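Observations on the model geometry
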Amino acid sequence: MDNTDRIIDFILGLQLEDVPTEAVHQGKRCFLDTLGALLGGASTPVAQLMAELAVSCFAGNDCTLLANGGRASPVGAALVNGFAVNALDIDDGHRLVKGHPGACVMPVLIAAAELAGSAADGRQLLTSLIIGYEVGIRAGLIRHATYSMYHASGSWGAVAGAAVAGRMIGLERTQLREALGTAEYHAPIAPMMKGIEKPSMGKDGIGWGAMAGMASALMAQRGFTGIESLFEDTPEPGLIESIGTDYLFMNLYFKPYAACRWAQPAAAGALKIFRSSAIDIESIVSIKVKTFKAAASLSNKHPHNTEEAQYNLAYPVAAALLDGEVGAAQVLPPRIFDKTLLALSDKVEVMVDEEFERAFPQKTHSEVIIRTRDGKALSSGSVEPPWEAPDTLPTDAELESKFHRLVEPILGATKSLRLIELAWSLDQISSIKEITELCRYT
C-alpha cells in the first residue's frame, strides 16, 4: 500500500463516528466561520465580477452562487464561491501551510453536495469537510516541502477539493486516485510573493484551485486519467500514516480582521493602543511597526482597491487606530479612499525585527510604537494576532458574533441566526438545501 492508497482509504472510509468529539465540534466551527467569510465576501467586486462570468461561461442550474442567488454548473459555482470565500481575507488558516484550507474546501463541498442531492445529508457533509481539511493541510505541507517557491493556497487546495468532491459524488477508488493526480496537475501554480508585491484579484489562488478540484473529480468520473499524486512525494511518511488519528485541523487559526494574516499582529497592536489610550489622532507624529520580513514586504502605499487594502501593512494599522476595527467596511469602497485614513497611513514606518523574524512562521509577532506631538511614546509591546492556536482561539460565541457581523448586512438578522443554528446541528440535517436556500439576498 502506497501513500496515495492510505489517503484514499481515509477519504472513502472515514465515518463521523470515527472522529473524536472535539474534532467533530471543530468541523462545525470551521463550517460556520468559512460560510460567514463566503457570504460576506459575495458582495465584493471580485465576487460579483466572477458571478457574471460564471453565468455567461459556466452556465448551468445544478449549483448555487451563494448570497448572489444565481445558478451555475458545479465547476462554475466552485469558481465563484471560491473567489468569494477568500475575498475579504477573513477565512481560517494553518500556520505551517501558510494558507487557507477552509476556503479551499467549502466552495467544492457546497457544489458537490448540491450535485449529490439526497445522498448528501448533514453527516456526510460534515465528514467530507473534515476530510478536505485533513487532506488539504497534508497536501500543503508536501507542496511547500518539495517546491522552492512559495505557492498560494490553490496550488494544494485543488487536491483538497478533489478529495471532497470525490467523497461527496461517490467516486470509485480508481477514479478518486485519478482525480487527486489531475487536481495536482491542473492546480494553479501561483507565485504568492508576486501577488503580494502587486496585489490582484487572483488573491491566494483559491477560486481557481476550487474550480480545478471540482472539475478534476468530474473528469475522473468520466474516465480522465491523472498523474501520480503528490502524496508519493512526501519527505515525512508519518505525515500520511497519521491521517485519521492526528487531526491537523485542530491547529487552525481564525481571523478576526479582514486583512492578510501577516498584517494582523500589527493591526492587533494598533487596536491594543486604541483601546487602552485616549489618543488624539491628530497628535500622532509617527507610527513605527516592528515585524518579521514577510510582513514587512507588504505594501505601505495607498490602496486603489480591496486587494491592495488587504495586502498592506500601513493601511490596516491606520484603520485600526481611526475606526477601532478592521472589518469588511474598512477594506471596501468608499472607506479605502478616505483622506484622513490615508494621511494617517503615511505616518507608518516599518522595520524588520530579527527576533520576530526568527520566530516566523511558527509565530507571527509585531510591535507598534506611536509617538505624539507632546513627546509621548505608546507601545503595544510584542503582539501576536488574536485567535491563534493553541492559546487564544475564539470561543463559539465569538465566532457567532463574527458571523453576524459578516452576514447580517448581506442576508439580514433572521437568516443569519438560522444559519448559525444549522451550522451547530450540521450532523443532523437531511440535506444542504435549507442552507443554500437561506444563502440568498433578501
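Our structure is the block above this text.
What you are looking at is a predicted structure, and each value in this text was computed from that prediction instead of being measured.

Attention shifts here to the overall build of the chain. When you go through the chain residue by residue, the secondary structure sums to 20 helices and six strands. Compactness check: the chain gives a C-alpha radius of gyration of 21 Å against a globular reference of 22 Å for 442 residues, within 12% of the reference. Projected onto its principal axes, the C-alpha coordinates of the chain cover approximately 70 × 50 × 40 Å. Sorting the 442 residues of the chain into buried and exposed places 61% on the buried side. Considering only contacts within the chain whose residues lie at least 6 apart along the sequence, 77% involve residues at least 24 apart. Carbon and sulfur atoms provide 52% of the accessible area of the chain, an area that totals close to 16300 Å². Here the chain holds 38 positive side-chain charges and 52 negative ones, and the gap between their average locations is 5 Å.

Counting through the fold element by element, Gly 223 comes out in the loop between helix H10 (206–221) and helix H11 (237–241). Residue class for Gly 223 comes out exposed when judged on its relative accessible area of 53%. Along the chain, Gly 223 and Gln 175 lie 48 residues apart, while their C-alpha atoms are 7.4 Å from each other.

Our focus in this paragraph is the sheet that holds strand E4 (residues 348–352). Taken in spatial order, the four strands make up an open sheet running E4-E3-E5-E6, and their pairing is mixed. With one partner strand each, in any of the chains shown, E4 and strand E6 (377–379) form the two edges of the open sheet. Here the average twist between neighbouring strands, direction ignored, is 20°. Where strand E5 (residues 367–372) lies against E6, three bridges are found, and the strand directions are antiparallel. Bridging across to E6, Arg 371 finds its partner in Ala 377. Those strands touched by helix H15 (residues 314–323) are strand E3 (284–291), E4 and E5, and its axis lies near 125° from that of E3.

With that settled, consider the packing of aromatic side chains. Enumeration according to the criterion identifies five aromatic pairs in this entry. Ring centres of Tyr 150 and Trp 262 lie 6.2 Å apart, and the angle between their planes is 45°; this geometry places the pair in the tilted category. Of this pair, Tyr 150 sits in the loop between helix H6 (122–146) and helix H7 (154–169) while Trp 262 sits in the loop between H11 and helix H12 (264–276), placing them 112 residues apart in sequence. In this structure, Tyr 150 and Trp 262 share a single accessibility class: buried. Summarising the aromatic geometry, the rings of Phe 292 and Phe 360 are spaced 4.6 Å apart at their centres and angled 15° between planes, so their arrangement reads as stacked. Taken together, the positions of Phe 292 in the loop between E3 and helix H13 (293–296) and Phe 360 in the loop between helix H17 (354–359) and E5 put the pair 68 residues apart, joining distant regions of the chain. The pair Phe 292 / Phe 360 is uniform in exposure class, with both members buried. Each residue in the set Tyr 150, Trp 262, Phe 292 and Phe 360 is aromatic and connected to the rest through ring pairs, giving one cluster. The ring of Tyr 147 is capped by Arg 143, whose NZ or CZ atom sits 4.4 Å from the centre of that ring.

Once that is clear, we can look at helix H4 (residues 74–85). The periodicity of an α-helix, 3.6 residues per turn, causes residues three or four places apart in sequence to face the same way. The terminal C-alpha atoms of H4, which comprises 12 residues, lie 16 Å apart, in line with the 16 Å expected from a rise of 1.5 Å per residue. Within H4, 12 of the 12 residues are buried, which leaves it mostly tucked inside the rest of the structure. Along H4, the positions that sit buried rather than exposed are Pro 74, Val 75, Gly 76, Ala 77, Ala 78, Leu 79, Val 80, Asn 81, Gly 82, Phe 83, Ala 84 and Val 85. Buried-residue contacts for H4 involve helix H2 (21–41), helix H3 (45–57), strand E1 (63–64), strand E2 (71–72), helix H5 (101–116) and H10.

We now examine the packing of H5 against H6. A pair of packed helices is captured by two measures, namely the crossing angle of their axes and the spacing between those axes. Look at H5 against H6: their axes get within 9 Å of each other, and the N-to-C directions meet at 145°. For the element pair H5 and H6, the recorded crossing hand is right-handed. Note on element contacts: H6 touches H5 through Leu 125, Ser 128, Leu 129, Gly 132, Tyr 133 and Ile 137, opposite Pro 101, Gly 102, Val 105, Met 106, Leu 109 and Ala 113. Grouping the amino acids of the contact of H5 with H6 by side-chain chemistry returns nine nonpolar, three polar and no charged.

Spanning 13 residues, H12 covers 18 Å between terminal C-alpha atoms, matching the ideal 18 Å at 1.5 Å per step. Turning to H12, its buried residues are Gln 264, Pro 265, Ala 266, Ala 267, Ala 268, Gly 269, Ala 270, Leu 271 and Ile 273. Buried-residue contacts for H12 involve E3, H15, E5 and E6.

Ranked by internal contacts, the top residues of the largest apolar core, which has 161 residues, are Phe 31, Leu 35, Leu 39, Val 135, Trp 262 and Ile 435. Beyond its immediate chain neighbours, meaning those up to four positions away, Val 135 contacts Ile 7, Phe 10, Ile 11, Val 159, Ala 160, Ala 163, Phe 231 and Ile 243.

Definitions and limits used
Within every chain, residues take consecutive numbers counted from 1 along the sequence as written. It should be noted that, the model being predicted, local features are given only for residues of pLDDT at least 70 and side-chain atom pairs only at 80 or more, the latter also being counted only at that level, while totals for whole chains, interfaces and linings use all residues. Each side-chain value is worked out from all heavy atoms of the structure, with water and hydrogens disregarded. The secondary structure listing takes helices from DSSP runs of H or I that are at least 4 residues long and strands from runs of E that are at least 2 residues long, numbered from the N terminus. Values of the radius of gyration come from C-alpha atoms, whereas the globule rule sets the reference at 2.2 Å times the count of residues to the power 0.38. For every residue, the accessible area (1.4 Å probe, protein chains only) is compared with the maximum for its type, and the residue is labelled buried under 20%, exposed over 50%, or partly exposed between those bounds. Note on contacts: a residue pair is in contact if any heavy atoms of the two residues lie within 4.5 Å. Each accessible area is a Shrake-Rupley estimate made with a 1.4 Å probe; only the visible protein chains count as cover when residues are assessed. The convention is simple: Lys and Arg are positive, Asp and Glu are negative, and His and the chain ends are not counted. The location of each charge is read from NZ of Lys, CZ of Arg, CG of Asp or CD of Glu. If DSSP finds at least two bridges between two strands, the strands pair. Helix axes use the C-alpha atoms of the stretch in contact, all axes being lines fitted to C-alpha atoms, and the angles between their N-to-C directions lie in the range 0 to 180 degrees. The aromatic pairing rule takes the rings of Phe, Tyr and Trp, using the six-membered ring of Trp, and pairs them if the centres are within 6.5 Å, calling planes under 30 degrees apart stacked, those over 60 edge-to-face and the rest tilted. A positively charged side chain is recorded as over a ring if its NZ (Lys) or CZ (Arg) lies within 6 Å of the ring centre. The angle to the ring normal must also be within 35 degrees. To estimate how far a helix should reach, multiply one less than its number of residues by 1.5 Å. Should the near helix be turned anticlockwise from the far one by less than a right angle, the crossing is left-handed, and should it be turned clockwise, the crossing is right-handed. Charged residues are taken to be Asp, Glu, Lys and Arg, nonpolar residues to be Ala, Val, Leu, Ile, Met, Phe, Trp, Tyr, Cys and Pro, and polar residues to be all remaining types, Gly included. Among buried residues, the Ala, Val, Leu, Ile, Met, Phe, Trp, Tyr and Cys ones that are joined through side-chain atoms within 4.5 Å form a nonpolar core.

The values reported here are purely geometric and, on their own, carry no functional implication.
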